[in-house]
Amino acid sequence: MEMRAARLGLGLLLVTAILSAPAMAQKTPDLRLGTDLPGTAASLSPQIAASGDSVYVTWADQRNGESDIYFNRSLDGGATWLESDIRLNTDLAGVAISSSPQLVASGNRVYVAWEDGRNGELDIYFNRSLDGGLTWLSSDLRLDTDPIGSAASELPQIAVSEDCVYVTWQDARNASEGVYLNRSADAGAIWGANDIRLDSDAPGSYPSFAPQIATSGDSVYVVWADRINFNPPGQWPSYSSRAQLNCSKDRGATWLASEVRVDAIPAGRDSGFVVANLQIAAQGDRVHVFWTNWYQASDVSWAEIESNHSVDAGATWLPADNVLNHVSDPDTRRGRPQIALSGDSIYVIWEDRRGSLGVDTEVYFNRSLDGGASWLPSDLRIDSGVPGRLVEPRPQITAAENAIYVTWLSHRDGKEDIYFDRSLDGGLTWLDSDIRLDTENPVDGVSLAPQIASSGDSVYVVWSDDRNGSEDVYFNIPFGAQPFGEGNAGSGAIVPRLEGTDSLTLGSSFTLSVSDGLG
């Protein structure tokens, strides 16, 4: 009987089985995705999404001169990819800068938005596929509707709910940044003739910037940072800001007439704090917002990871913010929170430089199992080894039920590399030692901008890597397995299967079990 493995992880495979003429396979530990020549042009800002066994990746690529937006995909869990990347911006290749792509997928539908400089100033452009990334719109679509070339539209964020696609961004058309949105109700074919402004600041007043978006059913939520004043001369920070939110309950057709403040005003303060690095997630009527709050008191500055949540679809919020880090020492820098929701569970990670006067950077974690009502009494450090010097880890997180997966940058080998850790019990325990995902020589090349996605039991990570002399996009599977099909039918047309039965982690061993083995 000839048999092929049904699922095979990228880690160490130990198999003890009695098989006749077994087939063997060895996968490349990490895989370069771009189909241009290695190291010939920079590939930057990769983004990843996964749905079922499909994995979708997009990035900004300079192979044609100025950067274009490229895409590739796998329909078999990362085992095989398209032979040629697909360019998503449909203007002349390499003529204008297309950058900062954002990607979201739902089944076979894939949606990408990006910044585009073809009209002189940056605009927001969009393309989409309805067949798993094989074919795309013949002409990409501009989503901001101010006069062409009049003002910069930047930092797009994208979300989807059923047939509705929403893109939000910051826009300087009123002499100061405001927050705008456009939406499609037919899977990205037709968009609003006029985009929608979500902030209500007077034109030219303090800016509203860096929006983030989340959806839940027919509801859409957008949160952003809003400058509210300038602080006294010589004080750091030079201005204060708050977190503002607007929402729609009817799939983006109508919005609140005036936005809602999410963060609680710090006790005794009307200046000397900055809300930044906002993140948002929604499930049902629950809306969760997280951010970094930078504080200044006398000559001391520090930062906290804070959150607030609403249980009535954004109408009301807690009177006091939650502080998720449990050490508040002066001169400590922490920031860039990232969040993942799974049922009532909320998992949060962030960069933290506690106890070292802002020199060493670590990755910390906290979690709530009751929708944000309570949190662990002590936050947890999840990276292992000596923290990296003066490096920003930029951690990323994904979760499915009690399984949590995190990736980040670490400088422990003398340069930036990609590391990974995971918990299978809601964040209580983690691997004894984190796992390095990039496999180039430890002293050569720099890895940047990791992104992570999960689907079912498999986890996928992409990043930019200059091991070939210029940045390329690389891919790895630190946890889970690739589907490799079934065996050949034997007696009675029974098809044998060989499947992994343990948690599959890069570098570990696992057990394979044979089913339907007659023949």
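Visitor: Go over the nonpolar core with me, naming the residues and quoting the values.
Guide: Y221, V223, L245, V262, L278, I280 and V289 are the most contacted members of the largest nonpolar core, which totals 17 residues. For this core, the element with the most residues is strand 19 (residues 273-283), which contributes four residues. When sequence neighbours within four positions are dropped, the list of residues in contact with V262 reads V223, A243, L245, V289, W291, N308, W317 and D321. Formed by 15 residues, the second largest nonpolar core is a distinct cluster that contains A60, L82, V112 and Y125.

Visitor: Explain the pairing of strand 25 (residues 360-368) residue by residue, including any values.
Guide: Where burial is concerned, most of strand 25 is hidden: nine out of the nine residues are buried. On strand 25, burial covers both faces: D360, E362, Y364, N366 and S368 on one face and T361, V363, F365 and R367 on the other are all buried. In this sheet, strand 25 lies alongside strand 24 (residues 345-352) in antiparallel orientation, the contact comprising seven bridges. Opposite E351, over in strand 25, you have V363 as the bridge partner. Sheet topology note: the strand 25/strand 26 (residues 380-381) ladder contains two bridges and is antiparallel. Each bridged residue has a counterpart across the sheet, and for Y364 the counterpart in strand 26 is R381.

Visitor: Please provide a residue-by-residue account of the packing of aromatic side chains, values included.
Guide: As enumerated under the stated definition, the model contains 13 aromatic pairs in all. Judged by centre distance (4.8 Å) and plane angle (65 degrees), the ring pair of F126 and W191 falls under edge-to-face. Linking F126 in strand 9 (residues 121-129) with W191 in the loop between strand 13 (178-184) and strand 14 (196-197), this pair joins segments that are 65 residues apart in sequence. When the ring centre of Y125 is taken as origin, the NZ or CZ atom of R118, which lies over that ring, is 3.8 Å away. For the cation-ring pair, R173 lies above Y180, with the distance from its terminal atom to the ring centre recorded as 3.9 Å.

Visitor: Outline the sheet that holds strand 11 (residues 153-161), supporting the account with residue identities and numerical values.
Guide: Ordered by their spatial adjacency, four strands build an open sheet running 11-12-13-14, and the pairing between neighbours is antiparallel. Every interior strand has two partners, whereas the edge strands, strand 11 and strand 14, have only one. By the bridge criterion, seven bridges tie strand 11 to strand 12 (residues 164-171) in an arrangement that is antiparallel. Bridging from a neighbouring strand, S153 pairs with D171 of strand 12.

Visitor: Now, about the confidence of the model for the protein: what can you tell me, with residues and values included?
Guide: The predicted model of the protein has a mean per-residue pLDDT of 86, with 83% of residues at 70 or higher. The low-confidence segment residues 1-26, where pLDDT is below 50, has 61 contacts with residues more than four positions distant or belonging to other chains.

Visitor: Kindly report on the sheet that holds strand 3 (residues 43-51), identifying the contributing residues and their values.
Guide: Sheet strands pair by backbone hydrogen bonding; their relative direction is either parallel or antiparallel. Pairing within the open sheet is antiparallel, and its four strands lie in the order 3-4-5-6. Across the chains shown, the open sheet's two edge strands, defined by having one partner strand only, are strand 3 and strand 6 (86-87). Pairing of strand 3 with strand 4 (residues 54-61), which is carried by seven bridges, proceeds in the antiparallel orientation. Within strand 4, the residue paired with A50 across the bridge is V55.

Visitor: Could you give an account of the pairing of strand 28 (residues 396-400), naming the residues involved and the relevant values?
Guide: With four of five residues buried, strand 28 lies mostly within the body of the structure. Hairpin connection of strand 28 to strand 29 (residues 403-410): two residues between the antiparallel strands, including E401 at a positive phi of 55 degrees.

Visitor: Describe the side chain of D383, naming the residues involved and giving the relevant values.
Guide: Assignment of secondary structure puts D383 in the loop between strand 26 and strand 27 (388-389). D383 gets classed as buried once you look at its relative accessible area, which sits at 8%. In this structure the side chain of D383 is engaged in a polar contact, spanning 3.0 Å, whose partner is the backbone nitrogen of V363. Within the structure, the side chain of D383 is placed 3.0 Å from the side chain of R381, a separation counted as a polar contact.

Visitor: Explain unusual backbone geometry to me, and be specific about the residues and the numbers.
Guide: The residue E162 is not glycine, and still its phi comes out positive at about 55 degrees. According to the relative accessible area criterion, E162 is exposed, its value standing at 61%. At A210, a position not held by glycine, the phi torsion is positive, near 55 degrees. With respect to the helices and strands, A210 occurs in strand 15 (residues 208-216).

Reading the values: rules and limits
Residues numbered from 1 in each chain as written. Predicted model: local features only at pLDDT ≥ 70, side-chain atom pairs only at ≥ 80, totals over all residues. Heavy atoms only, no water. Core = buried A, V, L, I, M, F, W, Y, C linked by side-chain atoms within 4.5 Å. Buried < 20%, exposed > 50% of the residue type's maximum accessible area, 1.4 Å probe, protein only. Helix = DSSP H or I, 4+ residues; strand = E, 2+ residues; numbered from the N terminus. Contact = heavy atoms within 4.5 Å. Pairing = 2+ DSSP bridges. Phe/Tyr/Trp six-rings, centres within 6.5 Å; stacked < 30°, edge-to-face > 60°. Lys NZ or Arg CZ within 6 Å of the ring centre and 35° of its normal. pLDDT = per-residue confidence, 0-100. Polar contact = N/O pair within 3.5 Å; in protein donor to acceptor, adjacent residues only side chain to side chain.

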